[in-house]
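Spelled out from the first residue to the last, the chains are:
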Amino acid sequence: MYYCYIETPIGELLLAGEAGTLSMIGFPNGTMRRDPEPDWIYNEQALSVVSGQLQEYFAGTRKDFDLSLSLSGTEFQISVLEALQDIPYGQTTSYGAIAKQIGRPKAVRAVGAANGRNPIPIVVPCHRVIGSSGDLTGFGGGLDTKEALLRLEAENSSSLL
């Protein structure tokens, strides 16, 4: 597994993947804070496409990612991660709406748990999922980070239409 870091407005992100496939993005803080494993190899070039697309996202010039992803988890968890990718840039949805979308309307809490273990945040936009009341709910990078990502998208969504 290759890894590198990218400096962003929300802090330094850890990127990891291999053979052109992104496997993980780790935040600098929060429950999704990650460190490289001892056997990982530092290689910026191996993740240059990922870095470039993330830099474009944070600059407000990219709303969709075109990356090969390695999604991991149970069949249910992967269905949630795939549904998250359908949430348009600059918009939000609820855990209940995702549960309905995947055909499991009573699995709202399980959707929340799958959302919370998303190994590829930002690219798989779990930050776009909020509580049914409209409140921001838990986020692996911290609620301040979630709010910053949503604000970035709100500020740039009209310029990307």
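Now for a quick tour of the structure. (Residues numbered from 1 in each chain as written. Predicted model: local features only at pLDDT ≥ 70, side-chain atom pairs only at ≥ 80, totals over all residues. Heavy atoms only, no water.)

## Regarding the overall build of the protein chain
Part 1 of the argument: Along the protein chain, the regular secondary structure elements total five helices and seven strands.
Part 2 of the argument: Moving toward the C terminus, one meets the helices and strands of the protein chain in the order β-β-β-β-α-β-α-β-α-α-β-α.
Part 3 of the argument: Taken over the C-alpha trace, the protein chain has a radius of gyration of 15 Å; the compact-globule value for 161 residues is 15 Å, and the two agree within 12%.
Part 4 of the argument: Here the C-alpha coordinates of the protein chain stretch approximately 40 × 35 × 25 Å along the principal axes.
Part 5 of the argument: The proportion of buried residues among the 161 residues of the protein chain is 44%.
Part 6 of the argument: Considering only intrachain contacts with a sequence separation of at least 6, the fraction spanning at least 24 residues in the protein chain is 59%.
Part 7 of the argument: Total accessible area on the protein chain is roughly 8200 Å²; 47% of this is exposed by carbon and sulfur atoms. (Helix = DSSP H or I, 4+ residues; strand = E, 2+ residues; numbered from the N terminus. Rg over C-alpha atoms; globule rule 2.2 N^0.38 Å. Buried < 20%, exposed > 50% of the residue type's maximum accessible area, 1.4 Å probe, protein only. Contact = heavy atoms within 4.5 Å. Areas by Shrake-Rupley, 256 points an atom, 1.4 Å probe, with all protein chains shown as cover.)

## A word on the packing of aromatic side chains
Part 1 of the argument: This structure, assessed with the given rule, holds six aromatic pairs.
Part 2 of the argument: For the pair Y57 and F58, a centre-to-centre distance of 5.1 Å together with 80° between the ring planes defines the contact as edge-to-face.
Part 3 of the argument: Overall, Y57 belongs to the buried group, its relative accessible area being 0%.
Part 4 of the argument: With centroids separated by 5.6 Å and ring planes inclined at 35°, the aromatic side chains of Y57 and F65 adopt a geometry described as tilted.
Part 5 of the argument: Grouping aromatic residues by their ring pairs yields a cluster made of Y3, Y5, W40 and Y42. (Phe/Tyr/Trp six-rings, centres within 6.5 Å; stacked < 30°, edge-to-face > 60°.)

## What to know about the pattern of salt bridges
Part 1 of the argument: Under the criterion given, the structure shown has four salt bridges.
Part 2 of the argument: Notably, a salt bridge pairs R62 with E56, separated by 2.7 Å at the nearest N-O pair.
Part 3 of the argument: Exposure remark for E56: the relative accessible area of 32% places this residue in the partly exposed category.
Part 4 of the argument: The closest approach of N and O atoms between E153 and R128, which form a salt bridge, is 2.8 Å. Taken as a pair, E153 in helix α5 (residues 143–157) and R128 in the loop between α4 (108–116) and β7 (129–130) lie far apart in primary sequence, 25 residues in all. The pair E153 / R128 is uniform in exposure class, with both members buried. (Salt bridge = Lys/Arg side-chain N within 4 Å of Asp/Glu carboxyl O.)

## Points about unusual backbone geometry
Part 1 of the argument: One non-glycine residue with positive phi stands out, namely I122, at about 75°.
Part 2 of the argument: Inspection of the secondary structure puts I122 in the loop between α4 and β7.

## Comments concerning the sheet that holds strand β4 (residues 41–42)
Paired through their backbone hydrogen bonds, the strands of a sheet run either parallel or antiparallel.
Part 1 of the argument: Read across the open sheet, the five strands follow the order β4-β1-β2-β3-β5; overall the sheet is mixed. For this open sheet the edge positions go to β4 and β5 (68–69), each flanked by a neighbour on one side alone.
Part 2 of the argument: Note: strand β1 (residues 2–8) against β4, two bridges, orientation parallel. Each bridged residue has a counterpart across the sheet, and for Y2 the counterpart in β4 is I41.
Part 3 of the argument: Across the sheet, helix α1 (residues 48–59) is in contact with β1, β2 (11–18) and β3 (21–26); its angle to β1 comes to roughly 20°. (Pairing = 2+ DSSP bridges. Axes fitted to C-alpha atoms, helices over the stretch in contact; angles between N-to-C directions.)

## Examining the nonpolar core
Part 1 of the argument: Judged by nonpolar contacts, the single largest core of 38 residues is most densely connected at L54, F58, L84 and I122.
Part 2 of the argument: Put simply, the parts of the chain that give this core at least two residues each are β1, β2, β3, α1, α2 (75–84), α3 (95–101), α4 and α5.
Part 3 of the argument: In this structure L54 touches I6, L15, I25, F65, I122 and V123, once residues within four positions along its chain are discounted.
Part 4 of the argument: Membership of the second largest hydrophobic core comes to five residues, among which are L14, A16, M24 and W40. (Core = buried A, V, L, I, M, F, W, Y, C linked by side-chain atoms within 4.5 Å.)

## A short note on α2
Part 1 of the argument: Every buried residue belonging to α2 is among F76, Q77, V80, L81, A83 and L84, and all of these are buried. Considered in projection along α2, the buried side chains sweep an arc of 160° and stay on one side of the axis.
Part 2 of the argument: Looking at the buried residues of α2, the elements they touch are α3, α4 and β7. (Arc of directions from axis to C-beta.)

These values are about where atoms sit, not about what they do.
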